[in-house]
Each structure stands twice: as structure tokens, then as C-alpha cells.
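Here are the chains, one letter per residue:
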Amino acid sequence: MNSSTDTEAAKDGTLGLTIKSANGAHAFRVESAKTKAEQARGLMFRTDLKPDRGMLFWPYPATGGKPVEANFWMKNTPSSLDIIYIRSDGTIARIAENAVPFSEVPIPSGEPVGAVLELMGGRAAELGIAEGDLVTWDKAE
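First, a word on scope: everything that follows refers to the structure included in this document. Bear in mind that the values here come from a model prediction, so they are computed numbers and not experimental data.

1. Quick notes on the packing of aromatic side chains
- If you walk through the whole model with that rule in mind, you get four aromatic pairs.
- Measuring from centroid to centroid gives 5.0 Å for F57 and F72, while their planes differ by 80°, and the two rings are edge-to-face. You can see F57 sitting in strand β3 (residues 53-57) and its partner F72 sitting in strand β4 (residues 68-72), a full 15 residues away along the chain. Exposure class is identical for F57 and F72. Each is buried.
- Three or more aromatic residues joined by ring pairs form one cluster here, namely F57, Y60, F72 and Y85.

Shown next, in the form of C-alpha cells:
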């Protein structure tokens, strides 16, 4: 990160995250959901999503430990999301695209993951983000 990015993060509490795809690197500013409470709430009730923003659930689970299978849902979430399940090595295990707003149907990761990223619905396809792509962020945060 450069100093202007660090300053931005300090001001709004977000961190920089990059997804390296076949067609290049895609940069995002993401909120960090670290605690059980933050992870339980996620992006519920939010209508202010931006294309270059998101929420990172890391460590996942919030209690730490080894990666576990995840099940997310869209309860109380009015905006469609792309839910990106990330292995402990930083590669994308699964992308659940355009998750249905307000749905209480569990959306499984399909394998143990160490982090989960939520983006505005449709962004993964729009940017060419795919399973196996590498996700990096400043883990010192």
C-alpha cells in the first residue's frame, strides 16, 4: 500500500484488498468484520453498497482456528451480493453470484475457508473474477 491508501484506510476504517484475475488486478476498499457480532450482522440492512467496496469476514470464523465450512444467508439484506469464499491460501474456493436479497436459504462454501468476501451483486462476473483467483489484503490490520 502507498501512503495515500494508508491514510484513506485510517480515515474510514477500511482496508485495501486486491483480487488477481486472468484479466488483471481488481482493487477494493473493504470493511472488516472480525468479531462474532460483526460477522453475524454483515451487510444486513445496507442499501449504500458501492462497486469498489465490500466486506471481508476475516478471520473466519471470528474465533480463529483452522478453516471451516461456511454457510451464509441473505436474511435482512436488501441488496444482492456476490459471496466469495476464500481458502486459507488466499485462493477463491467458490463464488455465489447475485445472492437473492432477504433469502434465508443457506449458501454453502462447499469446503473449509479462512475468509469470506461480500461484494455488490454481479461484480465478480463483471470483472471476470473466478474460482482459483488470488485474494490479498493487509493481514496486519
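2. Let's talk about the nonpolar core
- With 18 residues, the main nonpolar core has L17, I19, L56 and L117 as its most contacted residues.
- Elements represented by at least two residues in this core include exactly β1 (15-21), β2 (24-33), β5 (81-86), β6 (92-99), β8 (115-120), α3 (123-127) and β9 (134-137).
- If near-sequence neighbours (up to four positions away) are discounted, L117 is found in contact with L17, I19, V30, M55, L56, D82, I83, I84 and I86.
- Within the second largest apolar cluster, 17 residues are counted, among which are F57, Y60, A96 and A99.

3. What to know about the pattern of salt bridges
- Under the defined criterion, the tally for this structure stands at four salt bridges.
- Linking R46 and E31 is a salt bridge whose minimum nitrogen-to-oxygen distance equals 2.6 Å. Of this pair, R46 sits in the loop between α2 (36-41) and β3 while E31 is found in strand β2, placing the two residues 15 residues apart along the sequence.
- Assessed through its relative accessible area of 28%, E31 is described here as partly exposed.
- Note that R87 and E111 form a salt bridge whose closest N and O atoms lie 2.7 Å from each other. Note that R87 is positioned in the loop between β5 and β6 and E111 in strand β7 (residues 107-113), a separation of 24 residues in sequence.
- R87 sits in the partly exposed class, given a relative accessible area of 27%.
- On the basis of relative accessibility, which here comes to 25%, the residue E111 falls in the partly exposed class.
- When salt bridges with common partners are traced through the structure, they connect E31, R46 and D48 into a single cluster.

4. As for the pairing of β6
- When β5 meets β6, the two strands line up antiparallel, connected through five bridges. When the sheet's bridge partners are listed, Y85 is paired in β6 with R94.
- Hairpin connection of β5 to β6: five residues between the antiparallel strands, including G90 at a positive phi of 90°.

5. Some thoughts on the side chain of S103
- Mapped onto the fold, S103 is located in the loop between β6 and β7.
- Of the polar contacts made by the side chain of S103, one reaches the backbone nitrogen of V105; its length is 3.1 Å.
- If sequence neighbours within four positions are ignored, S103 has contacts with W73, M74 and K75.

6. Description of the side chain of E118
- Within the secondary structure, E118 is located in strand β8.
- Although E118 lies buried, it forms no salt bridge, and the closest oppositely charged side chain, R46, sits 8.2 Å away as judged by the N-O distance.
- Not counting the four nearest positions on each side in its chain, E118 is found in contact with L43, G54, M55, F57, F72, L81, D82 and I83.

7. With respect to the sheet that holds β9
- Strand order in the open sheet formed by seven strands is β6-β5-β8-β3-β2-β1-β9, and the pairing between neighbours is mixed. If you trace the sheet from one side to the other, it starts and ends with β6 and β9, each paired once. The mean angle between the axes of side-by-side strands here comes to 30°, regardless of whether they run parallel or antiparallel.
- Summarising the sheet, β1 and β2 pair through seven bridges and their orientation is antiparallel. Bridging across to β2, T18 finds its partner in A27.

Definitions and limits used
Residues numbered from 1 in each chain as written. Predicted model: local features only at pLDDT ≥ 70, side-chain atom pairs only at ≥ 80, totals over all residues. Heavy atoms only, no water. Phe/Tyr/Trp six-rings, centres within 6.5 Å; stacked < 30°, edge-to-face > 60°. Helix = DSSP H or I, 4+ residues; strand = E, 2+ residues; numbered from the N terminus. Buried < 20%, exposed > 50% of the residue type's maximum accessible area, 1.4 Å probe, protein only. Core = buried A, V, L, I, M, F, W, Y, C linked by side-chain atoms within 4.5 Å. Contact = heavy atoms within 4.5 Å. Salt bridge = Lys/Arg side-chain N within 4 Å of Asp/Glu carboxyl O. Pairing = 2+ DSSP bridges. Polar contact = N/O pair within 3.5 Å; in protein donor to acceptor, adjacent residues only side chain to side chain. Lys, Arg positive; Asp, Glu negative; His and termini not counted. Axes fitted to C-alpha atoms, helices over the stretch in contact; angles between N-to-C directions.

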